[in-house]
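# Survey of secondary and tertiary structure
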Amino acid sequence: MRAINIGDRIRFLSAAGGGIVRRIDGKVAWVEDEDGFEIPTPISECIPVHEGDSFIPGYKQPQVVAKQQASNEQQKKHFASEQVFHEEPPKQKPLPLTHLLVPERPNGNEVSIYLAWLPVDTEHFGASPIECYLINDCNYTLYYQLWAGNTSEQYEIISEGEIERDTKLFIEEIPTERIAHREKLVFSYIPFKRERPFEQKPAHTITPSLDVLRLLKKHAYRENDFFDEDALVIPLIEKDKVNQPKKLTQADFEQLTAKVTSNKDETLENEKRKQREQRLQRKTNRNKKEAPLEIDLHIQQLVTNTAGLENADILAIQLTEFRKVMDEVIHSKGQRVVFIHGKGEGILRKRILDELKHKYPNASAQDASYKEYGFGATMVIIH
């Protein structure tokens, strides 16, 4: 057996392991293992090994370590490339709502906000739930919160988020047995405009004046400017003026008392004034009916999902909606209808004009007001 010298690599004869001989003291060799500890071992238990011998447990030659490091680096690069390969594609920015592409209303910078309630089933009124909507009737986007309180003066958030300009937002569906829980409402909002300069408007916290018993009275739901169906609409703020419930002062109380004790002449005058106001209201309602009917033919307004639709399918859907509206109004002499079809390549507009010429001879068409609708709208007048 070859003699053991300092610096030799050895393995143990009767145990696992080995290392490098660092010093020799008599018949004892001090062997440094891979962790840097020197182990005293009888020379008779030390077996020298060659450069390429891999028998020594736990000991790795520098060439082997270098190869493993290179292999580890290769695996890291491969793993990184796999991670990049499996990354999700960047999310596309959602398209804006179609009505937001229309220019802002000239008089829309005065903030007007409403809460509205509609019965789900008018035929079973009182037994069916009631829907609640938030209406933003201005050129500002609103960040808002709507709270509901209970008798113990604690509140919960019913809805919060953003509502775009000129938008009706569904808030909740209320079962009739929970209507009493909406007696105390608090509405807070901050107006702003995104991606354009705007005049600063103050934020407000409003306590709407709502008698929940009105929600259970069918006659409280009336014709309105926001829904085709009768609705109960409560203004929160109109033309920048907050509609807060007025606290009754001593002067108000005395004024109310004076009204109660007024004489017959005063009562008669009040009745006449009421009749004048009713005539004025009827005239206003007639003017509203004379306003043009607006029909948006953009496909996003007609179907909820456009996946799989070809251009021919989209055109067919739009023309079907056009014919449906025309068949409804064709006998309403003087009725004006604005069809909003977009500028595009002009295909839909040409088809509308062809339909009017061949199927609706008692109707004429002209470009709608650019100031109100921009490009891409046609007004039809029934004669």
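Residues numbered from 1 in each chain as written. Predicted model: local features only at pLDDT ≥ 70, side-chain atom pairs only at ≥ 80, totals over all residues. Heavy atoms only, no water.

Between its first and last C-alpha atoms helix H6 (residues 347-359) spans 18 Å; for 13 residues at 1.5 Å apiece the expected length is 18 Å, and the two agree. For H6, every residue scored as buried is listed here: Leu 348, Ile 352, Glu 355 and Leu 356. Projected onto a plane normal to the axis of H6, the buried residues spread over an arc of 95° and lie on a single side. When the buried face of H6 is taken as reference, the exposed residues oriented beyond 90 degrees from it are Lys 350, Lys 357 and His 358. Tucked inside the fold, the buried residues of H6 contact helix H5 (311-329), strand S17 (363-367) and strand S18 (377-382). (Helix = DSSP H or I, 4+ residues; strand = E, 2+ residues; numbered from the N terminus. Expected span 1.5 Å × (residues − 1). Buried < 20%, exposed > 50% of the residue type's maximum accessible area, 1.4 Å probe, protein only. Arc of directions from axis to C-beta. Contact = heavy atoms within 4.5 Å.)

The next subject is the sheet that holds strand S11 (residues 184-192). With antiparallel pairing, four strands are arranged side by side in an open sheet as S9-S8-S11-S12. Two strands close off the open sheet at either side, each with one partner strand: strand S9 (155-163) and strand S12 (204-206). Along the sheet, successive strands turn relative to each other by an average axial angle of 15°, direction set aside. As judged from the nine bridges shared by strand S8 (residues 141-149) and S11, these two strands associate in the antiparallel manner. The residue bridging Trp 147 from the neighbouring strand is Val 186, located in S11. (Pairing = 2+ DSSP bridges. Axes fitted to C-alpha atoms, helices over the stretch in contact; angles between N-to-C directions.)

The next point concerns the confidence of the model for the protein chain. Regions with low pLDDT carry predicted coordinates that are not meant to be interpreted in detail. Of the residues in the protein chain, 78% have a pLDDT of 70 or more, and the chain-wide mean is 80. When pLDDT is averaged over each element of the protein chain, strand S7 (residues 130-136) comes out on top at 94 and helix H1 (residues 62-85) at the bottom at 56. The model gives residues 55-62 a pLDDT under 50, and that stretch makes 19 contacts with residues more than four places away or in other chains. (pLDDT = per-residue confidence, 0-100.)

Residues apart from glycine generally show negative phi values, whereas peptide bonds are mostly found in trans. In this structure, Glu 195 takes a positive phi of about 65° despite not being glycine. Mapped onto the fold, Glu 195 is located in the loop between S11 and S12. Phi is positive for Asp 240, which is not a glycine, with a value near 70°. For Asp 240, the location among the structural elements is in the loop between strand S13 (232-238) and strand S14 (241-242). Judged by relative accessible area, Asp 240 falls into the partly exposed class, the value being 33%.

Further remarks concern the side chain of Ser 159. You can see Ser 159 is positioned in strand S9. Since its relative accessible area comes to 12%, Ser 159 is described here as buried. For Ser 159, the side chain forms a polar contact with the side chain of Tyr 144, separated by 2.6 Å. The contact partners of Ser 159, leaving out residues within four places of it in the chain, are Tyr 144, Gln 145, Leu 146 and Ile 171. (Polar contact = N/O pair within 3.5 Å; in protein donor to acceptor, adjacent residues only side chain to side chain.)

Before going further, it helps to spend a moment on the nonpolar core. Core analysis: the biggest nonpolar cluster contains 31 residues, and Ile 113, Leu 115, Trp 117, Leu 134, Phe 187 and Tyr 189 have the highest contact counts within it. When contributions to this core are tallied by element, the ones reaching two or more residues are strand S6 (113-119), S7, S8, S9, strand S10 (167-174), S11 and S13. When near neighbours in sequence (up to four residues on either side) are disregarded, Ile 113 contacts Leu 134, Ile 135, Leu 142, Phe 187, Tyr 189, Ile 234, Pro 235, Leu 236 and Ile 237. If you look at the next biggest cluster of nonpolar residues, it comprises 18 residues, including Ile 295, Leu 315, Leu 348 and Ile 382. (Core = buried A, V, L, I, M, F, W, Y, C linked by side-chain atoms within 4.5 Å.)

Turning next to H5. Here H5 is 19 residues long and its end C-alpha atoms lie 28 Å apart, about the 27 Å a rise of 1.5 Å per residue gives. Listed in full, the buried residues belonging to H5 are Ile 314, Leu 315, Gln 318, Leu 319, Phe 322, Val 325, Met 326 and Val 329. Buried residues along H5 cover an arc of 125° about the axis, so they all sit on one side. Among the exposed residues of H5, those oriented more than 90 degrees off its buried face are Ala 312 and Glu 328.

Bringing the sheet that holds strand S3 (residues 28-32) into the picture now. What the five strands build is an open sheet, ordered S4-S3-S2-S1-S5; its pairing is antiparallel. Each edge of the sheet is formed by a strand with only one pairing partner; in this case those strands are strand S4 (38-42) and strand S5 (46-48). Each strand of the sheet is rotated relative to its neighbour by a mean of 50°, with strand direction disregarded. Taken together, the five bridges between strand S2 (residues 18-25) and S3 define a ladder with antiparallel strand orientation. In the strand pairing of S3, Ile 24 is matched with Ala 29.

On to the packing of H5 against H6, then. Orientation of H5 relative to H6, taken along the N-to-C sense of each, is 40°, at an axis distance of 11 Å. Relative to H6, the element H5 is oriented oblique. Crossing of H5 over H6 shows right-handed handedness. Seen from H5, the contacting residues are Leu 315, Gln 318, Leu 319, Phe 322, Arg 323 and Met 326; seen from H6, they are Ile 347, Leu 348, Arg 351, Ile 352, Glu 355, Leu 356 and Lys 359. Here the residues of the contact of H5 with H6 sort into eight nonpolar, one polar and four charged. (Parallel < 35°, antiparallel > 145°, perpendicular 65-115°, else oblique. Left-handed = near helix turned anticlockwise from the far one by under 90°. Nonpolar A, V, L, I, M, F, W, Y, C, P; charged D, E, K, R; others polar.)

Let us now look at the pattern of salt bridges. Note that side chains of opposite charge can pair when their charged atoms are close. Scanning all chains against the criterion turns up 15 salt bridges. Between Glu 32 and Arg 22 there is a salt bridge; the shortest N-O distance is 2.5 Å. Of this pair, Glu 32 sits in strand S3 while Arg 22 sits in strand S2, and the two are ten residues apart along the sequence. Residue Glu 32 is classed as partly exposed on the basis of its relative accessible area, which comes to 24%. For Glu 162, the salt bridge is made with Arg 194, and the minimal N-O distance between the two is 2.9 Å. Within this pair, whereas Glu 162 is found in strand S9, its partner Arg 194 is found in the loop between S11 and S12, the two being separated by 32 residues in sequence. With a relative accessible area of 41%, Arg 194 lands in the partly exposed category. Counted as one network, the salt bridges with shared partners bring together Arg 105, Asp 137, Arg 165 and Asp 166. (Salt bridge = Lys/Arg side-chain N within 4 Å of Asp/Glu carboxyl O.)

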